[in-house]
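Descriptive analysis of the structure
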Amino acid sequence: MPQYKVPLRDIRFLMNEVFDYPSHYKSMPNGVDATPDLVEHILKECARYCEQVLAPLNQKGDQDGCELKDGKVTTPRGFKDAYDQYVAGGWQGLTHPADFGGQGLPISLGMVRAEMMGTANWSFSMYPGLSLGAMNTLQVHASEEQKRTYLTPLTEGRWMGTMCLTEPQCGTDLGQVATKAIPQADGSYKLTGTKIFISAGDHDLTENIVHIVLARLPDAPKGTRGISLFLVPKYLPDGNGGVGPFNHVVCSALEHKMGIRGSATAVLNFEESTGFLVGTVNKGLECMFTFMNTARIGTAVQGVAAAELSYQGALAYSKDRRSMRSLSGAKEPNQIADALHHHADVRRMLLTQKAIAEGGRAMLYSAAMLADKMMVGILKNDEKERLYWDDKLGFFTPILKGFLTELGFECANLGMQVFGGHGYIQEHGMEQIVRDARIATLYEGTTGIQALDLLGRKVLLLTRGKAVREFTATIMKLCTRNATHRDMYPFIWTLGKLCAQWNWLTTRLMLSARKDRDMIGSAAVDYLMYAGYVSLAYNWALMAEKSFEKLEKGGAETPEFYRAKIQTAEFYFERLLPRAQAHAEGMLSPSKSVMQLPIDHFTFD
Ligand SMILES: Cc1cc2nc3c(=O)[nH]c(=O)nc-3n(C[C@H](O)[C@H](O)[C@H](O)COP(=O)(O)OP(=O)(O)OC[C@H]3O[C@@H](n4cnc5c(N)ncnc54)[C@H](O)[C@@H]3O)c2cc1C
């Protein structure tokens, strides 16, 4: 397994130089405590924990997997101890309110923590990650009493949470949810039904598990309008902060999966389990959607994590392994052969990984600032402010989730490729990264569903192209302020053309979709990937702009760092960004070629 080293220099570059987090934090009521000193301390401590505790368990976790025996689920060796250290460090409550035992820091710091933990060990990080989803939901929608009883132990990390949406017959189409919730005289409900694929659904890390469950009341309307949200603990609370009787949430199986084997993916049977309504009857999906954007960004992190880890592994290997001579002449004539990283094709693979890991990180860190602002709306109880920033974030969410997870998987594959046949062998851990990364394009909404959300809902239906016009206007500001900067010219010239093209493509699709109803569905993934490549280009241009500024001012401590940024930006613009044009061409074709073949003719006989 590659030895993970947290790219702290790169993280600081984004936080302190490109996006100016210190000023951003100063401007927020919950950001004033996030002083540069505190942030630096958090970065260093988190990096230490990830490098020394979590990363060494990554491959072992894959080998051990999780086990269900005699009704009890055990996680891989070392996970419990690592989790206890996580709790002792107060990491779970980093961004949750002090009233419930947290530290109340901005949510973007939680994303930085998630990136480090996820790169070190994605399977492990899913346990606290899912719990954060449950905590977020309770923070906004639970009653005060529910918060006191459940949110405090969750924030302290003594208990963990899950999100139980999926059932055997439905994952994407939650309108089909069939789990029943029968009202009881005391105001509670009895829940009966089966949930599948539940991450962290059962385990041995905490004394209790709090399930957030979608279910349906007996008289509920059909479809998504009849779904309510419930809190169902594995053990009922004893009233003194501890656990009481078992609540009949039975883990009947663990899934055998392609990857993330250290993460327990459970089939859960609710057998008249006692549940408590969260929020309003039949408004369950709306409650769930409050934090959908942040949850999806949490999955986008997995793409960057896969790219980073695979890049680190491939880079180290390419320096050690020798093969033949470089086409432009021997680079290490005293050695038996040149190291792999002298060969242009290997450099292409490494640079692709680097461009996507670092550029993807920039995309995430920029979006996290919008999540911070949305969170301020929540803390101020200002629904208008929350919705404003959630909408802004909502435009980027499907791009981040869909595009970064697809490219993260590509990078994981490239890392394996750099290892040649050795990449396919378990010992090096490169194939594990591929297996682990694959799920990211599936859960939290598949790439196809993200694409429909972007093009169909966010761009065409809700904003009629305004979201694109606004974002491209932001990109054009970068172009304008660099109009006389010679070195920035190649970047801004290309970006300017792309901004015009993106708006034109959007209008073309809007017009075509009026006549051709399947146009949106057949164009959506191309549109999403196009949006991803342009967004990544913008972020690379921002990083190049900052790097030129640092070099021109003189006295930069690490000029080679800034030069590498500019050179990687050049690689991205010349070698990866042209892919956007293939997507542009593909998306404009009418849906005919996708839809005309009768379903019977898909057959082989
Ligand atoms: C390891 C793992 C962990 C998971 N963790 C959790 C968890 O913690 N909690 C939870 O609730 N769920 C969890 N899931 C479930 C996951 O979110 C779903 O599997 C996912 O949302 C897809 O749903 P599905 O599997 O039912 O696929 P389906 O909905 O059956 O989709 C199948 C295919 O059809 C496409 N499709 C479906 N509908 C449309 C449409 N209208 N238009 C175009 N294309 C469409 C999809 O894009 C996909 O390609 C997990 C799954 C896995 C494998």
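Notes on the structure in this doc start here. (Residues numbered from 1 in each chain as written. Predicted model: local features only at pLDDT ≥ 70, side-chain atom pairs only at ≥ 80, totals over all residues. Heavy atoms only, no water.)

Topic: the overall build of the chain
If you tally the helices and strands in the chain, you get 20 helices and 11 strands. The C-alpha atoms of the chain give a radius of gyration of 25 Å, which matches the 25 Å a tight globule of 605 residues would have. Counting only C-alpha atoms, the chain reaches 80 × 65 × 60 Å along its principal axes. Across the 605 residues in the chain, those meeting the buried criterion constitute 57%. Pairs at least 24 residues apart make up 74% of the contacts formed inside the chain by residues separated by at least 6 positions. Total accessible area on the chain stands at roughly 26100 Å², and carbon and sulfur atoms take up 54% of it. Seen as two clouds, the 64 positive and the 65 negative side-chain charges of the chain have centres 5 Å apart. (Helix = DSSP H or I, 4+ residues; strand = E, 2+ residues; numbered from the N terminus. Rg over C-alpha atoms; globule rule 2.2 N^0.38 Å. Buried < 20%, exposed > 50% of the residue type's maximum accessible area, 1.4 Å probe, protein only. Contact = heavy atoms within 4.5 Å. Areas by Shrake-Rupley, 256 points an atom, 1.4 Å probe, with all protein chains shown as cover. Lys, Arg positive; Asp, Glu negative; His and termini not counted. Charge placed at Lys NZ, Arg CZ, Asp CG, Glu CD.)

Observations regarding the nonpolar core
Within the largest apolar cluster, 173 residues are counted, with the highest numbers of intra-cluster contacts made by Met-15, Met-116, Leu-364, Tyr-365, Phe-395, Phe-403 and Tyr-572. Sequence-distant contacts of Met-116, defined by excluding residues within four places in its chain, comprise Tyr-4, Val-6, Leu-8, Ile-11, Leu-43, Cys-46, Ala-47 and Cys-50. The next biggest cluster of nonpolar side chains, apart from the first, holds 25 residues, and it includes Met-135, Leu-138, Cys-170 and Val-210. (Core = buried A, V, L, I, M, F, W, Y, C linked by side-chain atoms within 4.5 Å.)

Remarks on the site of the ligand
Around the ligand, the surrounding shell holds 21 residues, and the nearest of these are Met-163, Thr-166, Thr-172, Phe-197 and Thr-446. Thr-172 has a polar side-chain atom sitting 2.5 Å from an oxygen atom of the ligand. Listed by contribution, the elements that provide at least two residues to the shell around the ligand are strand 3 (159-164), strand 5 (189-199) and helix 14 (447-461). For the shell around the ligand, the element with the most residues is strand 5, which contributes 3 residues. (Near = heavy atom within 4 Å. Polar contact = N/O pair within 3.5 Å; in protein donor to acceptor, adjacent residues only side chain to side chain.)

Focus: the packing of aromatic side chains
Under the criterion given, the structure shown has 25 aromatic pairs. Taking the centre distance of 6.3 Å and the plane angle of 35° together, the rings of Tyr-49 and Tyr-86 count as tilted. Of the two residues, Tyr-49 sits in helix 3 (residues 36-54) while Tyr-86 sits in helix 5 (residues 79-88), which places them 37 residues apart along the sequence. For the pair shown, Tyr-49 and Tyr-86 are each scored as buried. One aromatic cluster is present, built from ring pairs that chain together Phe-395, Phe-396, Phe-471, Trp-502, Tyr-530 and Tyr-538. (Phe/Tyr/Trp six-rings, centres within 6.5 Å; stacked < 30°, edge-to-face > 60°.)

Here we look at the side chain of Thr-265
One can find Thr-265 in strand 11 (residues 265-278). Taking the relative accessible area as the measure of exposure, Thr-265 reaches 8% and is therefore buried. Only 2.9 Å separates the side chain of Thr-265 from the side chain of Lys-257, close enough to count as a polar contact. Beyond its immediate chain neighbours, meaning those up to four positions away, Thr-265 contacts Phe-197, Ile-198, Ser-199, Ala-253, Leu-254, Glu-255 and Lys-257.

Details of the side chain of Ser-131
Note that Ser-131 resides in helix 7 (residues 122-141). Among the residues examined, Ser-131 registers a relative accessible area of 1% and is labelled buried. Polar contacts involving the side chain of Ser-131 include one to the main-chain amide nitrogen of Gly-161, which spans 2.8 Å. Excluding anything up to four places from it in sequence, Ser-131 contacts Gln-92, Leu-154, Trp-159, Met-160 and Gly-161.

Regarding helix 8 (residues 144-156)
Think of an α-helix as turning once every 3.6 residues; residues three or four places apart then point the same way. Taking 1.5 Å of rise per residue, the 13 residues of helix 8 would be expected to cover 18 Å, and the 17 Å separating its terminal C-alpha atoms lies within 8% of that figure. Within helix 8, the axis deviates most sharply at Tyr-150, by approximately 35°, and proline Pro-153 lies no more than four positions further along. Listed as buried for helix 8 are Gln-146, Lys-147, Tyr-150, Leu-151, Thr-152, Pro-153, Leu-154 and Thr-155. At its buried positions, helix 8 is contacted by helix 7, strand 3, strand 6 (208-215), strand 7 (228-233), strand 8 (235-237) and strand 11. (Expected span 1.5 Å × (residues − 1). Bend = angle between axes of the 7 residues up to and from the residue.)

Describing the environment of Val-112
Following the sequence through the fold, Val-112 ends up in helix 6 (residues 107-120). Remark: the alpha-carbon pair of Val-112 and Arg-361, spanning 249 residues in sequence, is separated by 9.5 Å. Setting aside residues no more than four positions away along its own chain, Val-112 makes contact with Ile-11, Met-15, Leu-43 and Tyr-365.

A word on helix 18 (residues 559-576)
With 18 residues, helix 18 should cover 26 Å at 1.5 Å per step; its first-to-last C-alpha distance of 25 Å lies within 8% of that length. Those residues of helix 18 that fall on the buried side of the exposure criterion are Phe-561, Tyr-562, Lys-565, Ile-566, Thr-568, Ala-569, Phe-571, Tyr-572, Phe-573 and Leu-576. In this structure, the buried residues of helix 18 make contact with helix 1 (8-18), helix 11 (344-379), helix 16 (489-515), helix 17 (519-553) and helix 19 (579-588).

Some remarks on the pattern of salt bridges
Once their charged atoms are close, side chains differing in charge can pair, the charge on each being opposite to the other. Applying the stated rule across the entire model yields 36 salt bridges. Between Glu-17 and Arg-9 there is a salt bridge, with the nearest N and O atoms lying 3.3 Å from each other. Accessibility expressed as a relative area gives 27% for Arg-9, which makes it partly exposed. Across the salt bridge formed by Glu-431 and Arg-435, the nearest N and O atoms sit 2.8 Å from each other. Of the two residues, Glu-431 and Arg-435 both sit in helix 13 (residues 430-438), 4 residues apart, roughly one turn of that helix. Its relative accessible area of 12% is what places Arg-435 among the buried residues. Put simply, Asp-10, Glu-115, Glu-308, Lys-354, Glu-358, Arg-361 and Lys-565 are held in one network by salt bridges that share partners. (Salt bridge = Lys/Arg side-chain N within 4 Å of Asp/Glu carboxyl O.)

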